[in-house]
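Structural characterization, general
Below, each chain spelled out in residue letters.
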2 protein chains.
Amino acid sequence: MPHSLDALLRPESVAVIGASDNPARIGGRPIFSMLEGGFKGRLYPVNPNRETIQGLKSYPSISSVPEAVDSVVISVPEKIAIDVVKECAAAGVKSVVMFTSGFAEIGAAGVHAQSELKTISLNSGMRIVGPNCLGVFNLNQGWFGTFANTLASKKIPTGPIGIVTQSGAYGGHLFTITQNRGVGTNYWVTTGNEVDVDVAEVIEFYAKEPDIKVIVSYAEGIKDGNRLCKALDAARKAKKPVIFMKVGSTEAGARAAASHTASLAGEDAIYDGVFKQFGVYRAETTEEMADIAYVCQFGRYPSGPKIGLQTISGGIGVQLADAATKYGFDVTPLPKNTQDKILNLIPFAGVNNPIDFTGQVLNERKLLEESMRHVIDEADYDSQILYLASLPISQFTKDISLEIFTSLRKQYPDELMILSLIGPPEARASYEALGYPCFEDHSLAVRAMAALRYFGEVFKKEEVVSPILIDKKPVITRGQRLSEFEAKKIFYAAGMPITAETLAQTSDEAISFWRKIKKPVVLKISSPDLQHKTDIGGVILNLDNESEIEEGFNKLRDIGKTKANKNNIEGIIVSEMVSNGVETVLGIVNDPVFGPTVMFGLGGVFVEVLEDVSFRVAPFDEKEASSMVDEIRGRAILNGVRGADPVDVKALAGALSQLSFFAAENAENLSSVDLNPLIVLPNGTKIADALIITK
Amino acid sequence: MPHSLDALLRPESVAVIGASDNPARIGGRPIFSMLEGGFKGRLYPVNPNRETIQGLKSYPSISSVPEAVDSVVISVPEKIAIDVVKECAAAGVKSVVMFTSGFAEIGAAGVHAQSELKTISLNSGMRIVGPNCLGVFNLNQGWFGTFANTLASKKIPTGPIGIVTQSGAYGGHLFTITQNRGVGTNYWVTTGNEVDVDVAEVIEFYAKEPDIKVIVSYAEGIKDGNRLCKALDAARKAKKPVIFMKVGSTEAGARAAASHTASLAGEDAIYDGVFKQFGVYRAETTEEMADIAYVCQFGRYPSGPKIGLQTISGGIGVQLADAATKYGFDVTPLPKNTQDKILNLIPFAGVNNPIDFTGQVLNERKLLEESMRHVIDEADYDSQILYLASLPISQFTKDISLEIFTSLRKQYPDELMILSLIGPPEARASYEALGYPCFEDHSLAVRAMAALRYFGEVFKKEEVVSPILIDKKPVITRGQRLSEFEAKKIFYAAGMPITAETLAQTSDEAISFWRKIKKPVVLKISSPDLQHKTDIGGVILNLDNESEIEEGFNKLRDIGKTKANKNNIEGIIVSEMVSNGVETVLGIVNDPVFGPTVMFGLGGVFVEVLEDVSFRVAPFDEKEASSMVDEIRGRAILNGVRGADPVDVKALAGALSQLSFFAAENAENLSSVDLNPLIVLPNGTKIADALIITK
C-alpha cells in the first residue's frame, strides 16, 4: 500500500543540490554515504561548477536532471534556499530534505521564510522534511539523505528499528547510543522545524512499513495531537511497540485555568494519558529508550504475568525477586514435583522461585540444561530471566553453555528468556543470534521484561474499536454562561444521573421539596455569574428541618443579591444531601494540542493535595475508562476502606465514557467542565455539582 | 587509631592453610595473587605435604609458623574446618578468613557447627570473617584473602572505594561492574554468614580508614541494627558517602501487627527511614550503585541547589532541564549581563539556562572556553553539567577541548562539573584525570549530580548531636495493660499535651465536665480490654447538650458491660471535641533489628490507603523529626489547604522527638504505641487517642 512518505523514505531516484566532490563536506557526505552504502536507485549530483562529483556526472541544475526525482537533498545557504525549493517544485520533485537552518528557529525573519516553504509545499504537493533538520536515512535502500558523520564512519547493522526525532542533534545522539546497545536501526528521520512532515506522519509510515518492527520516537512539542493519536493507534494495531520520549516543561504554561480540571491538566499529565491510551511506552532517559528498543527487537512478548527467575547466585536471586515484584510480575513457585526433580539433580539448589542453581552448575555441565528443561516443561511461566554471571563466556564454560542454549532454542523456539550475564558486547552476540536478549545488569533486565509485558498486554487487547461519534448536534453554544442548575440539566439530558433537586424561588418551595424527598437537603445559590459558590458561602449542607431550611434560604438569597447580578440569580437549588458513596472529580479540558480531554480523580486531598489524576483523549469506551480509574494511586478507596461498601466502578467508568462523548460532541464550543463532585454510590453515580465553561 | 579489624584488613603477616602449589586451585589463588600483587608483609603457606609452595617455604601446620600471624586464610573442607580454626586460635592468630561453606546456610547441622565457630571466636578473641564467604582484599597492601578469580586475572586500578557485601557472588559481581564503570576499589570484603565480623563493623572500619573515601555496601539482612546505625553515623561524621543496596522481602513478615504502626512498619519502610536518618544513599540497582560510587570518588559535592546546564544540542538542553527540575535542582537563569556577553560571542546561543552554545563552538575554538569562563565567574552555580556529545574526543576537536578543560581546572580547582560525552571509556580518561566525572547518558549525569547534592546536604549539616538519653526510669512495665485514659496520662506526664478530659462514672459527672469546658464533647469507653473501641461502637462524637450526653453515656455503659470484663471498665472518658487542626498518626514499633522506631503519617486516607508514612530510629531531635515530617507526600496539608490555617509544624516535630525519647526510655517493655490521632493545631498539638501495647 503506498504511503505519503514513500518518495521521501524509499526513493528510487535522488538528487543532491549543493553536491561536493569532497566527501568530508556537508554537500559531499550524502553522496559519499550512498556510494559506500550502495544506494539502490539513481543518484544525481547537482553542481553547476563541476563536470563530475565523486565520479558521478554532475548536473548544472535540478531542471537539467533527466527525471523528476523522488527526493532531493538540499544543502545550500539559507539565502538561496527558497529559490532552490521553488525550482525543485517546478521540476516535479516529489520530496526534499532540507538541512538548511535559519528559519523559524531564529525568530521573526525566519518564521516568514518558513511560511514561504509551507506555501510551496501546499501548492505543489512536494513534501518537505525540515528545514533545520539532520536529514533521513533508509539502510536497506542505501539511501542517505543526511550529512551526519556518525553514520558514514561506521558499519551500521541493519535492524527492525525505526527512529524519528525532532531534534537532529538528539537524533544523532540517540542513534549512537542505540547502536552501542546493539540496536539495529533501518530507518532514521529527523523532522527539524516540521514545516510539513512531522513525527506523527513518520510513525504512521513506520506502522505500515514491513521492515520496521519497533518504533522509537522523540519530540519536544506536538502541533497536531489528533494526527499523533491516529499514528499511535496505527502502530498499536500493527502490533509494533512505540517507545517515546516526550520532553518539555512540566508546567501548564499559559493555559486558562478557570476550572479545576484545567489547572491540573499540565501538558505532561495529558501526554501521560495519551501514551497510556494508545499503548505507548514512555521512556525517561536515552539509556532506557535504547534498552527497551533493544529488547523489543527480539519480537517476543509475554502473554501473562508469571515469571520464572533462575540464578547461580542467591543474592542476585533476591534482587530479581524484589524487582519482579515491584514491576508487578507474579513470582509463582515451581510445582512441587519439579522442585523435587531439581533437588535430585542439585541437592543444595533453591527450588522455589527464584531457582538458585548455585555455583554447582559450573562444575557439572548438564545440570543446568536438565533443570531448565524441567522448568520450561512443567512450570508454565510466561517469561524467564536467568542470571548466569560470566558462565556463558568464561573459557571453561562457554562452549557447553552455548550448546545448551542452542539446543533449548531449537526445542522451544518461542520461549521468552532474557539472560543476564557479564561480558563485552561481542561475547553476547551468539546468544542474541539465538534470540536471547542479554543484559549486564539483572535489575535492568527486569525493567526490560516489564516493558515487554506492557506491550504484551497492549497487543493482546481485542482490537480497540474507536468509539464512533453519532453525529449529534452540540448542545453547548459559544459564549453561553450556564448556572449549576442548567449545567446539571444538560448532563442529565445526556444520560448522566444527577442529584434529586429543584430550583426554589421561595423558602416554602424549598421546604416542600424537602418534605417530598424525605432526606436532608443542600441549598446552593444558582447563578451563571457565580462559578465558585463555596468560596462566597453560597452552599449550605445537611439541612433537615423547616426552620433551618428557611433560615438557610434567606441567607443565600441575601448573599446572592450582593454577589451576583440580581437579574442573573435563578433561584436557590435545593438538592438531596448524598452522604454515602465516594466523591470523585471528573472534568473536561479542551487541550490546545489534543482537543477535548477527560480527567478523573478522587475528591478531597487526592485531587487537591496529591494531584492524583488521570487523563484520556475523548471519546473513549468504558474499558478505557476503567483503566483510567485503575491507574490512580488512591484506587483502593473505591473498593471500600474502613468498613465502607465498595462502590459501583462500572457505573463510574460508564460516566467517564459518557462524559468523553459529551466532550467530543461539544468540542467546538467547550472550554472546560468540572463535575465536582460526581458521587459514586454502591449502585450508580450522581453528579452533585457541575460547572461548564464555554469558549 | 587502631581498629578491631586491623589484623584482618591490614595484616602484616599472613598464612594460608590448605595452600596449593597450583595457582589455579582455590588454595593456590590467594598466594598467587599476593605474589603478583606484591603483598607488603610476611606470607606463610601451610601444607604438610610439600616443602615449598609457589616458591615459598611451606609449613606443616599453623603452630609451626614462626609468628602469631595477623590473618589466616582457611581453605579446607568443612569436616576439618573447626579443628583448623581451633588450632589457629591456639596459635594466637588474630583473624581468619573462612571460605569454607556448609554452615548455617545448609540448615540445622550447619547451624551447630557455626555456633562452635562463634564460641571459639568469643573465647579466643580471634576475629572470623565468613564462613561461606569469598574473602577480602586490600590492594594497597597487596593482601588477597580471596580466591575470586575476577581479581587475579586483571589489572585492578586502586581507588578510594571500599566495598562490603554479605553475598560473595554478588560481591564479585559488584566489583566487576564497578570496575567496568571506572570505579577504583581499594578494600573489598564479603562477610558471608557473619558468624563474627558483619557489614556494620566493616563500614565502621572504612569510616576510619584514610585510604577510603566512598563506601559501597550490600546486605540482605541485618542482625544488629544499633551497630549499623553507629557505623553509618561514623561514616557521615567522616564525610564519607555510603551507597547501600538493601534487598529482601518488602513484606512485614511474621511481625506482630496489633497496632496500626506495627502493620505499616514493613522492614523496607524502616530501612528507608534509617538510611535517611543517617544520610545513606539507597541504590536500587547495581548500575546505579556503580554510577553513584563513580561520581563520588571525585570528592566534590555541591553546596547548594543552583545548577548550570550547558549543551551543544537544544534538545538535550530541554532534557537536562526537565531532569534537573525533577531532581529538585534550581535551574536559575544566567545573569542578564552574562547572557549579553555570551550572545556577543555566539549570536544564536541559548543564554538562559540551559545555555545552548549550539554547534558553532565546534567551528570556533575559543568560544566555548570564553563562554564557560563567563558562566563560572559570574553565575554562581553550585554545580554544572555540560553536554558535549563527541566534541572532546573527535579527531578535529579533542586537542583544543582538552586544552580548554585543563586550563579551566587549573584556574578553578574546586569547580564541580560533570561532562556528558559519547565515547569509549579510554577516551574519557584524560577528563577524569582532571577531575571531571564523565557520563554517556546525560540524564544519568543529572541523577549522579542529585546524589552528590544529597551527600552535600548530609555533610553540610552541623555535627548531628545524637540526643543523649537522660537515664530516666521506664514508666511502662512488662505485661501491663493500659486503657486509653491511662495511656494518655502517661504521655501527659512525659510532657505531651492531650485533650481536656475526665473519666466519668455517671452521666452527671459527664454533663458537669461538659458544662465546665463549654465545648462539644466526645464519649469513649475506657478499658484496658478494649484496644479498638471504634470497631464496637465505643466512641460517640460531638455531643453538645445534656440529653445527648446522658443518652450517649448510658449507651456506652451498656456496650462496655457486654464487651469488656466488667471489672476492667474504668468508666467513660469525656473529652473535648477538637474540630480544627490536622489529624496525624504517630506511632512506635519495637523493631526486632533496630529497636524502638517512630512512625509519622497524616490521618485518614494518607495512612489507611496511601501508606504515606516515614520512620526514624529513636531517639532523635526536632530537626530530624522535621525532615521526617517533610518527606511524606501529603506534606502540603500541614500548610493549610482549601483555606485552612497552617498548623504548628514545629510543635509536631517536638512531639515526634518527645515520643522518640519515650520510646527509647521504655524500649525494654514496649511493644508498640499508636497516637491516633495526634491533632496538630495552629498552636501546639493534642493527643486525642492513645494506645500502648506492652511486651
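No experiment lies behind these values; they were computed from the predicted model shown.

1. Observations regarding the overall build of chain A
Each helix and strand in chain A was counted, giving 23 helices and 29 strands. Taken along the three principal axes of its C-alpha coordinates, chain A extends 95 × 80 × 35 Å. When each of the 695 residues of chain A is scored for burial, the buried share is 59%. Accessible area of chain A: about 27200 Å², with a carbon and sulfur share of 51%. Distance between charge centres in chain A, computed from 69 positive and 84 negative side chains, equals 2 Å.

2. Things to note about the pairing of strand β25 (residues 582–591) of chain B
Residues and elements named next belong to chain B. When you tally the buried positions in β25, you get 9 out of 10 residues, the bulk of the element. Where β25 and strand β28 (residues 670–680) come together, 7 bridges link them in antiparallel fashion. Looking at β28, one finds that V589 is bridged to S672. Note: β25 against strand β26 (residues 595–602), 8 bridges, orientation antiparallel. Within β26, the residue paired with N590 across the bridge is P596. The loop that links β25 with its antiparallel partner β26 comprises 3 residues.

3. Considerations on the sheet that holds strand β1 (residues 13–17) of chain B
Residues and elements named next belong to chain B. Spatially, 5 strands are ordered β2-β1-β5-β6-β7 in an open sheet, and the strand pairing comes out parallel. The open sheet has two edge strands, β2 (42–46) and β7 (127–129), and neither has a second partner. On average, each strand axis in the sheet is tilted by 20° relative to the strand beside it, whichever way the strands run.

4. Some words on the side chain of T191(B)
For T191(B), the location among the structural elements is in the loop between β11 (185–190) and α7 (199–208). With sequence-adjacent residues up to four places away left out, T191(B) is seen in contact with V129(B), G130(B), C133(B), V164(B), T165(B), Q166(B), V197(B), D198(B), V199(B) and V202(B).

5. Quick notes on helix α7 (residues 199–208) of chain A
Of all 10 residues in α7(A), 8 are buried; the element is thus mostly enclosed. Buried within α7(A) we find V199(A), A200(A), E201(A), V202(A), I203(A), F205(A), Y206(A) and A207(A).

6. A word on the interface of chain B and chain A
The interface is formed by 45 residues belonging to chain B together with 45 residues belonging to chain A. Across the interface of chain B and chain A, roughly 3400 Å² is buried in total on both sides, 64% from carbon and sulfur atoms. The largest per-residue losses of area from chain B upon contact with chain A belong to H173(B), Q319(B) and V609(B), which jointly make up 14% of the total buried on that side. On inspection of chain B and its partner chain A, the count reaches 2 salt bridges. Between K326(A) and E284(B) there is a salt bridge, and its shortest N-O distance comes to 3.5 Å. Linking chain B to chain A there are 8 residue pairs in polar contact (both at pLDDT 80 or more). When contributions to the side of chain B that touches chain A are tallied by element, the ones reaching two or more residues are α6 (168–180), α11 (286–296), α12 (314–326), α17 (442–460) and α21 (605–608) of chain B. Taken together, the residues of the side of chain B that touches chain A break down into 20 nonpolar, 15 polar and 10 charged.

7. Some details on the confidence of the model for chain A
Residues and elements named next belong to chain A. On average, residues of chain A carry a pLDDT of 89, and 94% of them reach 70 or more. In this model residues 250–260 is a low-confidence stretch, pLDDT under 50, and it forms 19 contacts with partners more than four residues away in sequence or in other chains. Complex prediction metrics read pTM 0.90 and ipTM 0.85.

8. Some remarks on the pattern of salt bridges
Residue and element names in this part refer to chain A. This structure, assessed with the given rule, holds 74 salt bridges over all chains. With a shortest N-O distance of 2.9 Å, R227 and E201 are connected by a salt bridge. Of this pair, R227 sits in helix α8 (residues 225–237) while E201 sits in helix α7, placing them 26 residues apart in sequence. Among the residues examined, R227 registers a relative accessible area of 32% and is labelled partly exposed. Relative accessible area serves as the criterion here: at 3%, E201 is assigned to the buried category. Among the ionic pairs, E576 bridges to K519, the shortest N-O distance being 2.6 Å. In this pair, E576 sits in strand β23 (residues 571–576) while K519 sits in the loop between α19 (507–517) and β21 (521–526), placing the two residues 57 residues apart along the sequence. Note on E576: relative accessible area 5%, which makes it buried. Each of E484, K488, E501, K524, K533 and D689 takes part in salt bridges that share partners, so that together they form one network.

9. Focus: the state of the cysteines
Tallied over the full model, the rule gives 0 disulfides over all chains. Among the cysteines around C438(B), which has no disulfide bond, C296(B) carries the closest sulfur, lying 16 Å off.

10. Considerations on the packing of helix α12 (residues 314–326) of chain A against helix α17 (residues 442–460) of chain A
Residue and element names in this part refer to chain A. Put simply, α12 and α17 touch, their axes get as near as 9 Å, and they point 30° apart. Judged on the interaxial angle alone, α17 and α12 are roughly parallel. Of the two possible hands of crossing, α12 and α17 adopt the one that is right-handed. Facing I316, Q319, L320, A323 and A324 of α12, the residues of α17 in contact are H442, S443 and V446. Taken together, the residues of the contact of α12 with α17 break down into 5 nonpolar, 3 polar and no charged.

11. Thoughts on the sheet that holds strand β19 (residues 438–439) of chain A
All names here are of chain A. Spatially, 5 strands are ordered β16-β15-β17-β18-β19 in an open sheet, and the strand pairing comes out parallel. Here the strands that pair on one side only, and so sit at the sheet edges, are β16 (355–356) and β19. Taken together, the 5 bridges between strand β15 (residues 307–311) and strand β17 (residues 383–389) define a ladder with parallel strand orientation. Opposite G308, over in β17, you have Q384 as the bridge partner.

12. Quick notes on the environment of F244(A)
All names here are of chain A. Inspection of the secondary structure puts F244 in strand β13 (residues 242–246). You can call F244 buried: its relative accessible area is 0%. For F244, the contacting residues outside a window of four places in its chain are V199, I203, S217, Y218, A219, L228, F275, V280, Y281, R282, A283 and M289.

13. Re the relation of the copies chain B and chain A
At an RMSD of 0.1 Å, chain B and chain A line up after a rotation of 180° and a shift of 0.0 Å along the axis. Interpreted geometrically, this transformation is the action of a two-fold axis. Proximity to the rotation axis, assessed at the C-alpha, singles out V605(B) in chain B; its C-alpha lies 4.3 Å from the axis. Mapped onto chain A, 100% of the interface residues of chain B again fall at the interface, so both copies present the same surface.

14. Considering the packing of aromatic side chains
Applying the stated criterion to the full structure yields 48 aromatic pairs over all chains. A centroid spacing of 5.2 Å and a plane angle of 80° characterise the contact between F405(A) and Y436(A), whose relative ring orientation is edge-to-face. Of this pair, F405(A) sits in helix α15 (residues 398–411) while Y436(A) sits in the loop between α16 (425–433) and β19; the two residues are 31 residues apart in sequence, bridging distant segments of the chain. Taking the relative accessible area as the measure of exposure, Y436(A) reaches 0% and is therefore buried. Three or more aromatic residues joined by ring pairs form one cluster here, namely Y281(A), Y301(A), Y454(A), F455(A) and F459(A). Stacked on the ring of Y59(B), the Lys or Arg K57(B) has its end atom at 4.6 Å from the ring centre. The ring of Y271(B) carries the charged tip of K246(B) above its face, separated from the ring centre by 4.6 Å.

15. Some words on empty space enclosed by the protein
Residue and element names in this part refer to chain B. Tallied over the entire structure, the rule returns 1 cavity of 30 Å³ or more. Estimates place the volume of the largest cavity at around 40 Å³. Around the largest cavity, the lining residues are L232, A235, R236, K240, P241, V242, F278, G279, V280, F455, V458 and F459. Here the lining of the largest cavity is composed, by residue class, of 9 nonpolar, 1 polar and 2 charged.

16. Description of unusual backbone geometry
With an omega of -5°, the peptide bond between G130(B) and P131(B) qualifies as cis. Within the fold, P131(B) resides in the loop between β7 and β8 (136–138). Omega for the bond connecting N353(B) with P354(B) falls within 30 degrees of zero, at 10°, which places this linkage in the cis form. Take P354(B): it is sitting in the loop between β16 (350–351) and β17 (355–356). In this structure, E194(A) takes a positive phi of about 55° despite not being glycine.

The rules behind each value
- Residues numbered from 1 in each chain as written.
- Chains lettered and ligands numbered in written order.
- Predicted model: local features only at pLDDT ≥ 70, side-chain atom pairs only at ≥ 80, totals over all residues.
- Heavy atoms only, no water.
- Helix = DSSP H or I, 4+ residues; strand = E, 2+ residues; numbered from the N terminus.
- Buried < 20%, exposed > 50% of the residue type's maximum accessible area, 1.4 Å probe, protein only.
- Areas by Shrake-Rupley, 256 points an atom, 1.4 Å probe, with all protein chains shown as cover.
- Lys, Arg positive; Asp, Glu negative; His and termini not counted.
- Charge placed at Lys NZ, Arg CZ, Asp CG, Glu CD.
- Pairing = 2+ DSSP bridges.
- Axes fitted to C-alpha atoms, helices over the stretch in contact; angles between N-to-C directions.
- Contact = heavy atoms within 4.5 Å.
- Buried area = accessible area lost by both parts, 1.4 Å probe.
- Salt bridge = Lys/Arg side-chain N within 4 Å of Asp/Glu carboxyl O.
- Polar contact = N/O pair within 3.5 Å; in protein donor to acceptor, adjacent residues only side chain to side chain.
- Nonpolar A, V, L, I, M, F, W, Y, C, P; charged D, E, K, R; others polar.
- pLDDT = per-residue confidence, 0-100.
- Disulfide = S-S within 2.5 Å.
- Parallel < 35°, antiparallel > 145°, perpendicular 65-115°, else oblique.
- Left-handed = near helix turned anticlockwise from the far one by under 90°.
- Least-squares fit on C-alpha atoms with pLDDT ≥ 70 in both.
- Phe/Tyr/Trp six-rings, centres within 6.5 Å; stacked < 30°, edge-to-face > 60°.
- Lys NZ or Arg CZ within 6 Å of the ring centre and 35° of its normal.
- 1 Å grid on protein atoms, 1.4 Å probe; cavity = no way out; pocket = protein on both sides within 12 Å on 5 of 7 lines; lining within 4 Å.
- Points joined across faces, edges and corners; volume = space filled by probe spheres on them.

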